[in-house]
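Residue-level listing of the chains:
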Amino acid sequence: MTTSLPDRERLLDAYTRMVEIRTFEDAAGKNFADGLVPGFVHLYAGEEAVAVGICSHLTDDDFITSTHRGHGHCIAKGVDIHGMVAELMGKSTGVCHGKGGSMHIADVDKGMLGANGIVGAGLPLACGAALTAKIRGNGAVSVSFFGDGASNQGTFHEALNLAAIWKLPVIFVCENNGYAEATPASYAVSVGDIANRAAAYDIPGIIVDGLDFFSVYEAAGAAVDRARSGQGPTLIEAKTYRFYGHFQGDTITYRTDEEVSRYRDRDPITGLRTFLVDHDLATSGELDAIDKKVNEALARSWDDAKAAPWPAVEDALTNVYVSY
Amino acid sequence: MTTSLPDRERLLDAYTRMVEIRTFEDAAGKNFADGLVPGFVHLYAGEEAVAVGICSHLTDDDFITSTHRGHGHCIAKGVDIHGMVAELMGKSTGVCHGKGGSMHIADVDKGMLGANGIVGAGLPLACGAALTAKIRGNGAVSVSFFGDGASNQGTFHEALNLAAIWKLPVIFVCENNGYAEATPASYAVSVGDIANRAAAYDIPGIIVDGLDFFSVYEAAGAAVDRARSGQGPTLIEAKTYRFYGHFQGDTITYRTDEEVSRYRDRDPITGLRTFLVDHDLATSGELDAIDKKVNEALARSWDDAKAAPWPAVEDALTNVYVSY
Amino acid sequence: MVAVARETRTMSMKDALNEALRIAMREDPNVILLGEDIAGGADVDHLINEDAWGGPMGVTKNLVQEFGRNRVLDTPITEAGFIGAAVGAAATGLRPVAELMYVDFFGCCMDQIFDQGAKLRYMFGGKAKCPLVIRTQIGAGVNAAAQHSGCHYSVFTHMPGIKTVIPSNPADAKGLLLSAIRDDDLVMFFENKVLYGVRGEVPDGDEGIPLGKGDIKRAGDDVTIVAISRMVNQSLTAAKTLSGEGIEVEIIDPRTLSPLDEDMILSSVEKTHRLVIVDEDNPRCSAAADIAAMVADKGFDLLDAPIKMVTAPHTPVPFSPPLEQVYVPSPEKIAETVREIV
Amino acid sequence: MVAVARETRTMSMKDALNEALRIAMREDPNVILLGEDIAGGADVDHLINEDAWGGPMGVTKNLVQEFGRNRVLDTPITEAGFIGAAVGAAATGLRPVAELMYVDFFGCCMDQIFDQGAKLRYMFGGKAKCPLVIRTQIGAGVNAAAQHSGCHYSVFTHMPGIKTVIPSNPADAKGLLLSAIRDDDLVMFFENKVLYGVRGEVPDGDEGIPLGKGDIKRAGDDVTIVAISRMVNQSLTAAKTLSGEGIEVEIIDPRTLSPLDEDMILSSVEKTHRLVIVDEDNPRCSAAADIAAMVADKGFDLLDAPIKMVTAPHTPVPFSPPLEQVYVPSPEKIAETVREIV
Ligand SMILES: Cc1ncc(C[n+]2csc(CCOP(=O)(O)OP(=O)(O)O)c2C)c(N)n1
Ligand SMILES: Cc1ncc(C[n+]2csc(CCOP(=O)(O)OP(=O)(O)O)c2C)c(N)n1
Ligand SMILES: [Mg+2]
Ligand SMILES: [Mg+2]
């Protein structure tokens with residue numbers, strides 16, 4: 001099955017989102033090093049085509065679940081970037097009022113059910129969102145993003161089996177970036193292609209090039225169509241790469257420079273840019289203008305976040321319950 | 001790969017074990033109904049060929065993990081039947097001094113790491129026993145028995161992946177008796193043959209006829225050889241059937257009489273008996289004598305257990321720790 | 001509060017729970033049930049609109065007949081999977097009631113309960129809620145042995161974001177379950193297996209009992225007993241013996257542990273100056289210890305005697321009947337403990 | 001006990017733990033380590049005999065170099081799988097030390113811990129043992145947010161069959177870890193992430209510190225403080241302020257919560273007649289409540305004032321620095337609480 005090429009507007013939108021993610025992540029890394037971002041930060045740079053290629057098919061009524069490496073998913077799903085920057089800093093203007101931080105950014109109104117500090121925890125949650133959609137018959141779908149490392153968690157197995165027998169409208173997107181922390185997938189994952197694990201649930205398992213927006217976009221379109229039309233779940237394995245370390249501060253002794261540059265040479269943003277220019281969908285100048293706009297907006301977000309107030313200490317005690 | 005036919009002695013031994021299990025289970029069911037056995041009882045009758053077919057390849061140095069339906073595994077692995085009867089009744093002469101009961105019969109000296117009240121819990125434990133064997137290099141293997149229902153638990157996935165990447169000497173034996181409690185495998189298991197889930201871990205997955213001793217025996221031999229020689233784990237799916245309900249007291253509304261008699265007609269003990277007689281390995285009379293001996297021994301065990309003392313109430317407080 | 005006379009019927013706790021589920025499902029289409037064999041017989045030709053089991057204990061019996069298999073969902077044995085799905089469903093608009101067959105299985109799905117469902121509202125800065133009820137079975141008494149007889153409500157009471165409910169009789173069970181389902185937070189609902197068959201008067205209608213309000217099950221001036229779940233009954237038995245000796249105990253059933261009705265307990269201790277807590281759970285870091293600690297702080301000046309706890313020992317639950325018998329706090333042990341401090 | 005002068009070196013808690021692991025692995029070939037990235041870089045060509053990480057916090061650094069990848073095992077992200085395997089290995093003769101990266105992940109593997117490892121000896125009538133240590137990281141203080149900052153040792157202390165160890169300084173960490181590894185029971189070993197870098201004098205040699213014996217970290221006559229893990233340091237800071245006001249607190253570090261050195265606590269209360277418990281864990285059904293309840297029973301007659309607890313609030317751990325700051329019990333709050341009861 002092939003999905004028709006997205007129109008120009010959607011492509012420029014996708015390009016913008018990918019640039020937003022990259023710009024957000026580069027700045028997050030830098031500002032973390034400068035001590036402006038407390039806690040942990042796991043950067044998504046390099047994997048932009050996956051989040052954006054998938055989320056291009058979704059609306060605010062569709063839900064996603066995410067991971068510790070969640071900034072890209074949030075941005076792709078339309079979470080307010082300005083509020084995300086403030087959240088990273090723990091400011092009261094953050095999307096979670098500073099209570100969640102990088103690993104717990106969420107916005108249920110945008111269909112974003114949360115980054116997640118627990119590897120593999122998002123898959124059952126996505127089944128639940130899909131169950132709501134199925135029971136309501138509203139045609140919504142849900143997507144669970146997770147890593148190669150997460151594909152070894154028991155929740156992966158339980159969620160895929162559950163989704164399969166209930167024919168839930170859910171797409172499981174495994175972002176295989178080759179490593180879980182400092183552990184290569186070649187060691188920890190017993191099977192060559194994680195997509196092949198789909199056979200254990202009698203559902204389709206698709207491999208896509210996670211560095212290529214179109215590869216992801218096309219497979220996602222088919223999977224989302226399948227889900228929306230009641231045919232059940234799909235497992236998509238996106239072969240991708242993280243340009244930075246596992247978290248900021250990782251010495252990355254476990255990868256060679258050659259490997260890193262091999263992937264950096266295939267930068268998904270450059271790839272999309274080249275396509276757009278080559279196919280006369282945009283000029284370099286137009287794209288440069290987008291880059292600039294994104295850069296400026298994000299710089300403003302950081303400035304605003306720096307200036308924003310901390311949460312009031314009383315806030316530590318609220319939002320545990322709706323009522324108690 | 002074929003394993004040569006076991007010799008006469010081993011076959012008679014296997015026959016004896018299978019009769020022991022059946023006799024044990026029939027009596028356990030009856031005595032449960034009569035109020036002599038407290039708690040829950042899950043009977044293994046009908047599945048004898050699986051436990052015995054597998055354990056015929058094991059020694060006391062090999063370990064098994066079992067399930068809530070564990071009596072058959074215990075007997076096949078050589079746990080003292082006399083002590084098992086007393087354990088079912090909660091008597092001080094029980095193999096666990098009455099503290100475990102039906103669902104927790106164990107005898108580590110016999111390589112029996114416990115029946116288990118938690119569905120799916122045995123698989124990681126078996127990996128651990130296999131890890132001990134691997135690290136010590138002593139050639140021992142371990143076997144984990146579990147059901148079709150358990151094959152949906154996260155621990156199944158985690159254990160198979162772990163065993164595969166570490167090439168652990170472990171054999172995973174899925175006893176697919178078609179139901180998990182009142183839920184058919186056709187509903188809860190997303191794949192037709194559970195053996196096919198082996199592909200998700202790049203290990204062999206073999207289907208055997210669980211009602212046929214030889215089918216199990218042969219596949220088990222190959223898997224045990226594979227494990228002992230350092231080639232890693234195997235998943236064996238034994239298609240089998242439980243002759244009784246899920247537990248004693250189950251009204252079994254979810255199965256038809258036709259289905260039950262279809263399987264009862266293929267009784268694994270009758271099957272082995274016929275084979276032995278047809279191949280002149282034993283006469284009916286010899287086999288009847290075995291049946292009688294087993295029956296009498298078990299009757300004595302029940303009598304002894306009835307007469308045996310209860311544990312002293314102080315025993316409730318011991319064996320929590322080695323030292324505290 | 002105005003006392004309104006309501007019609008009642010005698011029924012078992014099991015039936016009272018079933019009635020509460022039925023009422024809640026009728027009043028709100030977002031209420032769904034899920035769990036292992038809560039209908040049973042899914043995919044079996046002759047059971048399309050009928051259950052095979054209606055729950056291992058029969059609590060969900062006949063509900064599939066009325067609400068169908070889209071709202072009464074049998075699950076695979078996949079505790080993390082289906083409890084997690086229930087959390088996801090709750091966060092996106094449904095009001096699921098999940099059944100965790102035995103609390104002892106919490107170790108298979110605790111992450112989805114305490115790390116996901118219970119924390120999401122807080123982590124998301126108040127922008128989400130998780131109106132999920134997890135019903136589960138607790139307690140020794142039927143020789144179900146070490147992996148099917150625990151209580152462990154203390155573990156959930158410990159966790160912020162979770163409410164914990166521990167009914168001791170059919171009427172409370174019905175009213176508390178209704179409130180739990182209507183509540184917007186994650187509620188763990190603990191059903192003592194020994195109480196399922198115990199019968200009592202249950203009000204008609206759909207009125208809930210508020211979470212966080214205890215109930216005085218027996219008035220008395222001499223000693224306050226706080227008793228949890230089945231321990232209310234054990235304490236009522238002890239109270240009769242003690243009354244014969246001239247000791248009148250007041251028995252408080254907290255009904256929910258989180259939130260806890262501290263005021264009711266403190267008011268009673270203010271009157272009796274003596275406190276015994278009876279809890280079938282293991283003693284360390286228990287609900288009994290929690291209540292004792294609360295009173296040792298906020299009610300210290302009211303006390304005339306040590307705070308006593310009658311609990312299970314620090315051991316797993318033994319299988320053998322005489323051992324299980326001594327494991328569970330008995331009326332005799334309760335009475336004896338009360339006598340120690342009067 | 002005879003005090004033997006031993007040579008000491010100054011080192012961080014992280015290094016002290018590393019040293020204990022090395023000693024234990026040298027003395028017994030059955031000791032193996034397993035966990036996620038405890039070496040790191042498995043299967044990477046240039047790291048065959050070298051680690052990439054040596055543990056996310058570096059506690060297992062350099063051990064693969066000496067003991068090889070057969071005894072320092074990187075695992076997939078499979079907490080139930082590898083902790084369960086550790087239980088199975090322990091029951092069959094090894095003495096594994098597993099690393100659960102953060103205690104917050106216990107929900108992914110609790111069944112294997114409390115239902116399997118902790119219960120097998122009891123269920124099997126004493127015919128098995130589980131000499132397993134699970135090292136894990138606890139505590140707020142580095143803005144790791146709600147899913148990487150919990151304590152929750154109360155949950156494990158609640159469970160029969162588990163021992164719980166909570167060192168507060170490098171020397172204790174080394175001695176207690178050695179004893180834990182040599183112990184024949186399942187031990188949960190809680191390492192406060194904020195203490196990893198804190199340095200102190202650590203004795204040379206391989207002597208263990210017995211499990212179940214507390215330690216008086218500061219002597220004083222006015223108020224007893226029982227402080228857990230990092231709260232020992234917070235209390236020591238508070239003690240200085242209080243001393244300036246003429247209040248001398250005695251600070252008891254229980255070092256293990258299960259078993260608990262009740263005698264040491266009660267003896268101190270006998271002297272001071274006042275008790276404050278400082279615990280970074282959430283308050284309900286906590287270790288603080290457990291100790292309070294114990295004293296409210298066994299030490300009631302010794303007390304001249306309410307038992308006070310200084311704990312984290314009943315909330316998840318917030319991310320934002322000023323919120324996390326108020327979440328953790330501070331020296332100021334401890335001092336204030338002590339003042340309330342003198
Ligand atoms: C249950 C659990 N175990 C371990 C961790 C620690 N941890 C955080 S990220 C990570 C690696 C995840 O690898 P992968 O799923 O491949 O995602 P990636 O980081 O590559 O995007 C680990 C082990 C965790 N957060 N949760
Ligand atoms: C973790 C857990 N969930 C649920 C149960 C309740 N339970 C006991 S046996 C069983 C069915 C098991 O089915 P299967 O694995 O097919 O084994 P079988 O009974 O058919 O031998 C269930 C759901 C349990 N004991 N443990
Ligand atoms: Mg990865
Ligand atoms: Mg089955």
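Residues numbered from 1 in each chain as written. Chains lettered and ligands numbered in written order. Predicted model: local features only at pLDDT ≥ 70, side-chain atom pairs only at ≥ 80, totals over all residues. Heavy atoms only, no water.

K.L.:
Describe the overall build of chain C, with residues and values.
P.N.:
For chain C, the count of helices and strands is 12 helices and 14 strands. Taken over the C-alpha trace, chain C has a radius of gyration of 20 Å; the compact-globule value for 342 residues is 20 Å, and the two agree within 12%. Principal-axis analysis of the C-alpha atoms gives chain C an extent of 65 × 45 × 45 Å. Residues classed as buried in chain C amount to 74% of the 342 residues present. Long-range pairs, those at least 24 residues apart, make up 80% of the contacts in chain C between residues at least 6 apart in sequence. Of the accessible surface of chain C, which amounts to about 9200 Å², a share of 48% is contributed by carbon and sulfur atoms. In chain C, 32 side chains carry a positive charge and 49 a negative one; their mean positions are 2 Å apart. (Helix = DSSP H or I, 4+ residues; strand = E, 2+ residues; numbered from the N terminus. Rg over C-alpha atoms; globule rule 2.2 N^0.38 Å. Buried < 20%, exposed > 50% of the residue type's maximum accessible area, 1.4 Å probe, protein only. Contact = heavy atoms within 4.5 Å. Areas by Shrake-Rupley, 256 points an atom, 1.4 Å probe, with all protein chains shown as cover. Lys, Arg positive; Asp, Glu negative; His and termini not counted. Charge placed at Lys NZ, Arg CZ, Asp CG, Glu CD.)

K.L.:
How would you sum up the site of ligand 1? Please name residues and give values.
P.N.:
Not every one of the 22 residues close to ligand 1 is listed here, only the nearest: A:His68, A:Arg69, A:Gly117, A:Asn177 and D:Glu79. Residues lining ligand 1 come from chains A and D. At 3.0 Å from a nitrogen atom of ligand 1 is found a main-chain nitrogen or oxygen belonging to A:Val119. Contacts to ligand 1 include A:Gly149, whose backbone N or O atom sits 2.8 Å from an oxygen atom. In the complex, 97% of the free accessible area of ligand 1, which totals 580 Å², lies under the protein chains. Class assignment of the residues belonging to the shell around ligand 1 gives a composition of 9 nonpolar, 8 polar and 5 charged. (Near = heavy atom within 4 Å. Polar contact = N/O pair within 3.5 Å; in protein donor to acceptor, adjacent residues only side chain to side chain. Nonpolar A, V, L, I, M, F, W, Y, C, P; charged D, E, K, R; others polar.)

K.L.:
Lay out the interface of chain C and chain D in plain terms, naming residues and giving numbers.
P.N.:
The interface is formed by 52 residues belonging to chain C together with 52 residues belonging to chain D. Ranking the residues of chain C by area buried against chain D places C:His158, C:Arg284 and C:Cys285 at the top, with a combined share of 17%. Joining chain C to chain D, the criterion identifies 4 salt bridges. For the salt bridge of D:Arg284 with C:Asp290, the shortest nitrogen-to-oxygen distance reads 2.7 Å. Where chain C meets chain D, there are 24 residue pairs in polar contact (both at pLDDT 80 or more). For the side of chain C that touches chain D, the elements supplying multiple residues, two or more each, are helix H4 (110-117), helix H5 (120-123), helix H6 (153-158), strand S12 (256-258), helix H10 (287-298) and strand S14 (308-311) of chain C. Ranked by the residues each element gives to the side of chain C that touches chain D, the list is headed by H10(C), at 7 residues. Here the residues of the side of chain C that touches chain D sort into 29 nonpolar, 13 polar and 10 charged. (Buried area = accessible area lost by both parts, 1.4 Å probe. Salt bridge = Lys/Arg side-chain N within 4 Å of Asp/Glu carboxyl O.)

K.L.:
Any details on the packing of helix H2 (residues 48-55) of chain B against helix H8 (residues 213-228) of chain B? Residues and values, ideally.
P.N.:
Residues and elements named next belong to chain B. At a minimum axis separation of 8 Å, H2 and H8 run at an interaxial angle of 35°. The hand of the H2/H8 crossing is right-handed. Between H2, through Ala49, Val50, Val52, Gly53 and Ile54, and H8, the contact on the second element is made entirely by Phe213, Val216, Tyr217 and Ala220. Looking at the contact of H2 with H8 residue by residue, the class counts come to 8 nonpolar, 1 polar and no charged. (Axes fitted to C-alpha atoms, helices over the stretch in contact; angles between N-to-C directions. Left-handed = near helix turned anticlockwise from the far one by under 90°.)

K.L.:
For the interface of chain D and chain B, give the residues involved together with the corresponding values.
P.N.:
Taken together, the contacts link 45 residues of chain D with 38 residues of chain B. Both faces combined, the contact of chain D with chain B buries some 3300 Å², and carbon together with sulfur accounts for 63% of it. Of all residues in chain D, D:Thr92, D:Tyr122 and D:Phe124 give up the largest surface area on contact with chain B, accounting jointly for 20% of the area buried on that side. On the surface where chain D and chain B come into contact, there are 0 salt bridges. Counting the contacts that link chain D with chain B gives 20 residue pairs in polar contact (both at pLDDT 80 or more). Put simply, the parts of the chain that give the side of chain D that touches chain B at least two residues each are strand S2 (31-35), strand S3 (72-74), helix H3 (79-91), helix H4 (110-117), helix H5 (120-123) and strand S6 (162-165) of chain D. With 10 residues, H3(D) is the largest single contributor of residues to the side of chain D that touches chain B.

K.L.:
Describe the environment of A:Met84, listing the residues and the values that go with them.
P.N.:
Residue and element names in this part refer to chain A. Among the secondary structure elements, Met84 is positioned in helix H4 (residues 81-89). Expressed as a C-alpha distance, the spacing of Met84 and Gly94, which sit 10 residues apart in the sequence, is 5.9 Å. Residues contacting Met84, with those up to four places away along its chain left out, are Phe24, His71, Cys74, Ile75, Val79, Val95 and Ile105.

K.L.:
If you had to explain the site of ligand 2 to someone new, which residues and values would you point to?
P.N.:
Looking at ligand 2, there are 22 residues lining it, with B:His68, B:Arg69, B:Gly117, B:Asn177 and C:Glu79 nearest. At the site occupied by ligand 2, the surrounding residues belong to chains B and C. Contacts to ligand 2 include B:Val119, whose backbone N or O atom sits 3.0 Å from a nitrogen atom. With respect to ligand 2, the side chain of B:Glu181 contributes an N or O atom lying 3.2 Å from a nitrogen atom. Summarising the interface, the protein chains cover 97% of the accessible area of ligand 2, which totals 580 Å² for the free molecule. Classifying every residue of the shell around ligand 2 gives 9 nonpolar, 8 polar and 5 charged.

K.L.:
I'd love a proper account of the sheet that holds strand S6 (residues 162-165) of chain C, names of residues and values included.
P.N.:
All names here are of chain C. In spatial order, the strands read S3-S2-S4-S5-S7-S6-S12; together these 7 strands make up an open sheet with mixed pairing. At either margin of the open sheet sits one strand with a lone partner, and together these are strand S3 (72-74) and S12. Neighbour-to-neighbour, the strand axes of the sheet open up by a mean angle of 20°, direction not taken into account. Where S6 meets S12, 2 bridges bridge the pair, whose relative direction is antiparallel. Across the sheet, residue Thr164 finds its bridge partner in S12, namely Ser258. (Pairing = 2+ DSSP bridges.)

K.L.:
Would you mind going over the relation of the copies chain C and chain D in detail, with residue names and values included?
P.N.:
With an axial shift of 0.0 Å and an RMSD of 0.0 Å, the rotation relating chain C to chain D amounts to 180°. In short, the pair behaves as if placed about a two-fold rotation axis. Comparing contact sets, 100% of the residues at the interface of chain C also lie at the interface in chain D, consistent with an isologous, same-surface contact. (Least-squares fit on C-alpha atoms with pLDDT ≥ 70 in both.)

K.L.:
Describe the state of the cysteines, listing the residues and the values that go with them.
P.N.:
One covalent bond between the sulfur atoms of two cysteine residues makes up a disulfide. Residues and elements named next belong to chain A. One pass over the full model with this rule turns up 0 disulfides over all chains. Free of any disulfide, Cys55 has its nearest cysteine sulfur in Cys74, 9.6 Å distant. Summary of cysteine pairing: Cys174 is not part of a disulfide, and the nearest cysteine sulfur, belonging to Cys127, is at 15 Å. Judged by its relative accessible area of 0%, Cys174 falls in the buried class. (Disulfide = S-S within 2.5 Å.)

K.L.:
Report on the coordination of the magnesium ion (ligand 4), specifying residues and quantitative values.
P.N.:
Reference geometry at the metal: tetrahedral coordination by four donors gives ideal angles of 109.5 degrees; octahedral coordination by six donors gives 90 or 180 degrees. Residues and elements named next belong to chain B. Taken together, the protein ligands of the magnesium ion (ligand 4) are Asp148 (OD), Asn177 (OD1) and Tyr179 (O), with distances of 2.0 to 2.1 Å. Between consecutive donors of the magnesium ion (ligand 4), the numbers of intervening residues give the motif D-x28-N-x1-Y. Residue Asp148 is located in the loop between strand S2 (142-147) and helix H6 (154-166), and its partner Tyr179 is located in strand S4 (residues 179-180); the two are separated by 31 residues in the primary sequence. The exposure classification of Asp148 matches that of Tyr179, with both residues buried. (Donors = N, O, S within 2.8 Å, 3.2 Å for Na, K, Ca; no water.)

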